[in-house]
Amino acid sequence: MSEKFVLNETSYFGRGSRVELANEIKTRGFKKVLVVTDQTLLDCGVAGKVISVLEEAGIAFDVYGDVK
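Residues numbered from 1 in each chain as written. Predicted model: local features only at pLDDT ≥ 70, side-chain atom pairs only at ≥ 80, totals over all residues. Heavy atoms only, no water.

### So, the environment of Ala47
As for its position among the elements, Ala47 is in helix H3 (residues 46-57). When its relative accessible area of 6% is taken as the criterion, Ala47 is described as buried. A sequence separation of 19 residues divides Ala47 from Asp66, and the C-alpha atoms of the two residues are 13 Å apart. Ignoring any residue separated from it by four or fewer positions in sequence, one finds Ala47 in contact with Thr37, Leu41 and Leu42. (Helix = DSSP H or I, 4+ residues; strand = E, 2+ residues; numbered from the N terminus. Buried < 20%, exposed > 50% of the residue type's maximum accessible area, 1.4 Å probe, protein only. Contact = heavy atoms within 4.5 Å.)

### Observations regarding the packing of helix H1 (residues 20-27) against H3
Running from N to C, H1 and H3 point in directions that differ by 55 degrees, and their axes come no closer than 9 Å. Between H1 and H3, the interaxial angle falls into the category oblique. The crossing of H1 and H3 is right-handed. Contacts between H1 and H3 involve Leu21, Ala22, Ile25 and Lys26 from the first element and Val50, Val53, Leu54 and Ala57 from the second. Here the contact of H1 with H3 is built from residues that sort into seven nonpolar, no polar and one charged. (Axes fitted to C-alpha atoms, helices over the stretch in contact; angles between N-to-C directions. Parallel < 35°, antiparallel > 145°, perpendicular 65-115°, else oblique. Left-handed = near helix turned anticlockwise from the far one by under 90°. Nonpolar A, V, L, I, M, F, W, Y, C, P; charged D, E, K, R; others polar.)

### Here we look at the nonpolar core
Where a protein is soluble and globular, its nonpolar side chains tend to be buried together. Within the largest apolar cluster, seven residues are counted, these being Ala22, Ile25, Val33, Val35, Val53, Leu54 and Ile59. Among the elements of the structure, H1, strand E3 (32-36) and H3 are those that each provide at least two residues to this core. (Core = buried A, V, L, I, M, F, W, Y, C linked by side-chain atoms within 4.5 Å.)

### Examining the pattern of salt bridges
Per the stated rule, a full pass over the model turns up three salt bridges. When the shortest N-O distance is used, the salt bridge between Arg28 and Glu24 registers 2.8 Å. Accessibility expressed as a relative area gives 35% for Arg28, which makes it partly exposed. The closest approach of N and O atoms between Lys68 and Asp66, which form a salt bridge, is 3.1 Å. A relative accessible area of 44% means that Asp66 is categorised as partly exposed. (Salt bridge = Lys/Arg side-chain N within 4 Å of Asp/Glu carboxyl O.)

### Digging into the environment of Ser11
In this fold, Ser11 is placed in strand E2 (residues 10-13). Put simply, Ser11 and Asp43 are 32 residues apart on the chain and 25 Å apart in space, counted from C-alpha to C-alpha.

This is the structure in structure tokens:
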């Protein structure tokens with residue numbers, strides 16, 4: 001079960017939290033999101049799990065994977 005933590009924005013963490021992304025993005029009316037990650041997380045498929053949620057929900061996105 002995911003947990004919800006609210007400070008200035010909403011953060012989800014824990015098991016199943018990825019599935020909350022699409023609904024949160026759509027609820028806020030965002031049209032496109034930026035996925036910021038590093039190359040290692042792209043290479044090992046971790047970022048791909050988030051990207052697949054966005055793709056399945058039909059949410060436009062760009063990926064910036066050059067974080068050091």
